[in-house]
Amino acid sequence: MKHQTEIEKRRTFGIISHPDAGKTTLTEKLLLFGGAIQTAGAVKNNKIKKTATSDFMEIEKQRGISVATSVMAFKYNGKQINILDTPGHKDFAEDTYRTLTAVDSVILVIDCANGVEAQTEKLMEVCRMRNTPVIVFINKMDREGKDPFDLLDEIESKLNIKVRPLAWPIGMGDRFKGVYNIYDENLNLFSANKTKISDEVVSFDDLNNPELDELIGEEPAEELRSELDLINGVYDDFDPETYLSGEVAPVFFGSAVNNFGVKELLDAFVRISPSPRGRETDVKKVEPNDNKFSGFVFKIHANLDPKHRDRIAFLRIVSGKFERNTFYQHIRLGKKLKFPNPTSFMAQDKSVVDEAFPGDVVGLYDSGNFKIGDTLTEGEVMNFVGIPSFAPEIFQELQNLDPMKSKQLDKGIKQLMDEGVAQLFIQQPGNRKIVGTVGQLQFDVILHRLTHEYGAKCSFTPKNYHTACWITSDDEAKLKDFMRAKTGNIAEDKDGNLVFLAETPFLLQMAERDYPDITFHKTSEFK
Ligand code: G4P
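Because the structure is a prediction, the values reported are computed rather than measured. Every residue gets a number counted from 1 within its own chain, in the order that chain's sequence is written. In keeping with the predicted nature of the model, local features appear solely for residues at pLDDT of at least 70, side-chain atom pairs appear and are counted solely at 80 or more, and the whole-chain, interface and lining totals rest on all residues.

## Considering the overall build of the chain
And then number 1: Numbered from the N terminus, helices here are DSSP runs of H or I no shorter than four residues, and strands are runs of E no shorter than two. Along the chain, the regular secondary structure elements total 14 helices and 31 strands.
And then number 2: Put simply, of all contacts in the chain between residues at least 6 apart along the chain, 72% involve residues at least 24 apart. Residues are defined as contacting one another if the C-beta atoms placed from their backbone atoms lie within 7 Å.

What follows is the structure in structure tokens.
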């Protein structure tokens, strides 16, 4: 019974956005409402402002800060809320994709002036693959932006999801007067307020009440009435089930920096968002209320101190109860491990936990046992699925500059790949190491760490590939033909799966057309 109560209390989610839409600001305000921090400004900005030119100190700082803010837990309205941080910088997108496998829902922040941006589309694609429930928060309403109806249309068409406004803005920019909460039938009047949590909320179950005209003016009141009529005519009533199945995204409006609309968002989130959900394994679906403990590693973080190669593996608990100092089965290695100091995170603080429940994330100190995607159980042999690698976008060949140091290089690159910093493809002849990433910055991080942490001497040469696709075929002979014809473009990934490296989208299309018996997969997970 206690176990069930613990599960139902938990809400584990991620906030995603295109950089600068307001993810950090919103996170901070949520922590403020949750009492996890006392003043605004406490969540450090973990953004890297520079792109190609590498400032290593900044990279190091990023690594340090993101450990501290990887999971932010707080209590609100009787719920235990776990926010999993997702790096905003696009070069770390793959880290974000993987974190999304560990959440049960997301809040998507959109800048009202910029609408749906490139990074938003990519992140939402990953959410759509898993039918993750999404709540949209349209931010920066204190600035002039696009028309709210146009924004909703843009979200529907670009993100391939239906929307349902649960709040509606009254004006924007200088004329921004507040937000009408459609769900609770009340009006929240706007006042620019960056630090305090105080809102002036007036209930309106009858919008024809002339008090509305007095509060916001006759014209805006009329406009609000007709827009709400339109909304109720155009959009179906909100059905929480369609939100939970990932078909419909409820939409809220506000201004995170002014603390405005954030409480409405949080209250609605707590009311409608899902408690921890089950996860598929290669054997069966595991439900949170299964008695036996199970979980998977979705993120690995290297320790800041290069002298100790300790790492922290982040484990999402899927079922049962995780307990400190108890032996669990590491399925891939086939051995039992126990953890004397599992760590939980609370805003900026870390503390040792004795037990943790489904939906929770614990940090496990690791000396090299874990890879991303690893499963831990009480003994049952099964592996969680759905933590794929995604096709990288930039490729460079790693060259060893000192034959005396090849051991250091091999060890270093293996460990960095286990952490999921990038993907390694081996090309024949000569075991050539092609490293694939989603951003240039990763190459700087890899070189820096191989040199400073592992003592290797190496360099990268750019390769002219555009994407990597995993290839399979039911017809062994056809696959061999293809590999013969494309020798220079074939490689193997870390698990020995065959990969086709294409120089341009056109060449990939040609290959797909010319070899219909070969299937080209965009992620490493296929059956
Ligand atoms: P991100 O994590 O999504 O990248 O965005 P972040 O929260 O860092 O916000 C990006 C910028 O947008 C910040 O300004 C932030 O203050 C501003 N911002 C966030 N919410 C609102 C809002 O509701 N209204 C307005 N007008 N601005 C908002 P900055 O100048 O980049 O940084 P800062 O020096 O102000 O912190």
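Having seen the structure, we can now continue with the description.
## A word on the site of the ligand
And then number 1: The C-beta atom of each residue is placed using the backbone, and any residue whose C-beta lies within 6 Å of a molecule or strand is treated as near it. Around the ligand, the structure places 18 residues, and the nearest of them are Lys23, Thr24, Thr25, Ser255 and Val257.
And then number 2: Of the residues in the shell around the ligand, the class split is four nonpolar, eight polar and six charged. When residues are sorted by character, Ala, Val, Leu, Ile, Met, Phe, Trp, Tyr, Cys and Pro go into the nonpolar class, Asp, Glu, Lys and Arg into the charged class, and all the rest, Gly among them, into the polar class.

## Side note on the confidence of the model for the chain
And then number 1: When pLDDT is averaged along the chain, the result is 87, and 89% of the positions lie at 70 or above.
And then number 2: Scored between 0 and 100, pLDDT is the confidence that the predictor attaches to each residue. Segment residues 44-54: pLDDT under 50, and 20 contacts once partners within four positions in sequence are set aside and those in other chains are kept.

## Some thoughts on the sheet that holds strand β3 (residues 79-84)
In a beta sheet, neighbouring strands pair by backbone hydrogen bonds and run either parallel or antiparallel.
And then number 1: Read across the sheet, seven strands follow the order β2-β3-β1-β4-β5-β11-β6 without closing on themselves; strand pairing throughout is mixed. Of all the strands in the sheet, just β2 (71-76) and β6 (162-165) have a single pairing partner and so form its edges. Between one strand axis and the next, the sheet turns by 30° as a mean value, whatever way the strands run.
And then number 2: Bridge analysis of strand β4 (residues 105-111) against strand β5 (residues 134-139) gives six bridges, and the strand direction is parallel. Bridging from a neighbouring strand, Ile107 pairs with Ile135 of β5.
And then number 3: Simply put, an axis is a line fit to the C-alpha atoms, just over the touching stretch for a helix, and the angle between two N-to-C directions goes from 0 to 180 degrees. Relative to strand β11 (residues 248-253), helix α10 (residues 262-272) is tilted by about 155°, and along the sheet it contacts β1 (10-17), β2, β3, β4, β5 and β11. Note: two strands are recorded as paired if DSSP finds a minimum of 2 bridges between them.

## So, the environment of Lys158
And then number 1: Within the secondary structure, Lys158 sits in helix α6 (residues 148-159).
And then number 2: Sequence separation between Lys158 and Glu121 is 37 residues, and the spatial gap between their C-alpha atoms is 7.0 Å.
And then number 3: Setting aside anything within four residues of it in sequence, one finds Lys158 in contact with Val116 and Glu121.

## Quick look at unusual backbone geometry
And then number 1: Here the bond from Gln428 into Pro429 is cis, since omega is 0°, no more than 30 degrees from zero.
And then number 2: Looking at the element boundaries, Pro429 is found in the loop between β25 (423-427) and β26 (432-437).
And then number 3: Positive phi outside glycine occurs at Asn131, with the angle close to 50°.
And then number 4: Its identity as a non-glycine residue notwithstanding, Asn431 has a phi of 50°, on the positive side.
And then number 5: Checked against the element boundaries, Asn431 lands in the loop between β25 and β26.

## Things to note about the nonpolar core
And then number 1: Residues Val106, Val136 and Leu315 are the most contacted members of the largest nonpolar core, which totals 129 residues.
And then number 2: If near-sequence neighbours (up to four positions away) are discounted, Val106 is found in contact with Phe13, Gly14, Ile15, Ile16, Leu100, Cys127, Thr132 and Val134. Note on definitions: a nonpolar core is a set of buried residues drawn from Ala, Val, Leu, Ile, Met, Phe, Trp, Tyr and Cys, linked by C-beta atoms within 7 Å. In this scheme every C-beta is placed from the backbone, and a residue whose C-beta has 20 or more other C-beta atoms within 10 Å is buried, one with 12 or fewer is exposed, and one in between is partly exposed.

## Some points on the environment of Leu265
And then number 1: Relative to the assigned elements, Leu265 resides in helix α10.
And then number 2: Note: C-alpha distance between Leu265 and Leu333 (68 residues apart in sequence) is 43 Å.

## A few points about the packing of helix α11 (residues 406-418) against helix α12 (residues 440-454)
And then number 1: It is the contact of α11 with α12, at a shortest axis distance of 10 Å, that shows an interaxial angle of 125°. The orientation of α11 with respect to α12, classified from their angle, is oblique. Note on packing geometry: the crossing formed by α11 with α12 is right-handed. In this structure, α11 uses Gln408, Leu409, Lys411, Gly412, Ile413 and Leu416 to contact α12, whose residues at the interface are Ile446, Arg449, Leu450, Glu453 and Tyr454. An angle below 35 degrees is treated as roughly parallel, one above 145 as roughly antiparallel, one from 65 to 115 as roughly perpendicular, and anything else as oblique. Here a crossing is taken to be left-handed if its near helix is turned anticlockwise relative to the far helix by less than a right angle, and right-handed if that turn runs clockwise.

## A look at the environment of Asn289
And then number 1: Along the chain, Asn289 falls in the loop between β13 (285-286) and β14 (294-302).
And then number 2: With 14 C-beta atoms counted inside 10 Å, the residue Asn289 sits in the partly exposed group.
And then number 3: C-alpha of Asn289 to C-alpha of Pro358: the two residues are 69 residues apart in sequence and 8.2 Å apart in space.
And then number 4: In this structure Asn289 touches His3, Gln4 and Ile7, once residues within four positions along its chain are discounted.

## A look at the pairing of strand β22 (residues 361-366)
And then number 1: A large share of β22 lies buried, amounting to five of its six residues.
And then number 2: When strand β15 (residues 311-319) meets β22, the two strands line up antiparallel, connected through six bridges. Note on β22: the bridge partner recorded for Ala313 is Leu364.

## Re α12
And then number 1: Taking 1.5 Å per residue, 15 residues should reach 21 Å; α12 reaches 21 Å between its end C-alpha atoms and fits that length.
And then number 2: Restricting attention to buried positions, one finds in α12 the residues Leu441, Gln442, Phe443, Val445, Ile446, Arg449, Leu450 and Tyr454. In this scheme, a helix's expected span is set at 1.5 Å multiplied by one less than its residue total.

## Here we look at the packing of helix α2 (residues 23-33) against α10
Helix-helix packing is characterised by the crossing angle of the two axes and by the distance between the axes.
And then number 1: The N-to-C vectors of α2 and α10 enclose an angle of 75°; their axes lie 10 Å apart at closest approach. Considering the angle they form, α2 stands roughly perpendicular to α10. The segment α2 lies against α10, with Leu26, Lys29, Leu30 and Phe33 engaging Val262, Lys263 and Leu266.
And then number 2: Each residue belonging to the contact of α2 with α10 can be placed in one class, and the counts come to five nonpolar, no polar and two charged.

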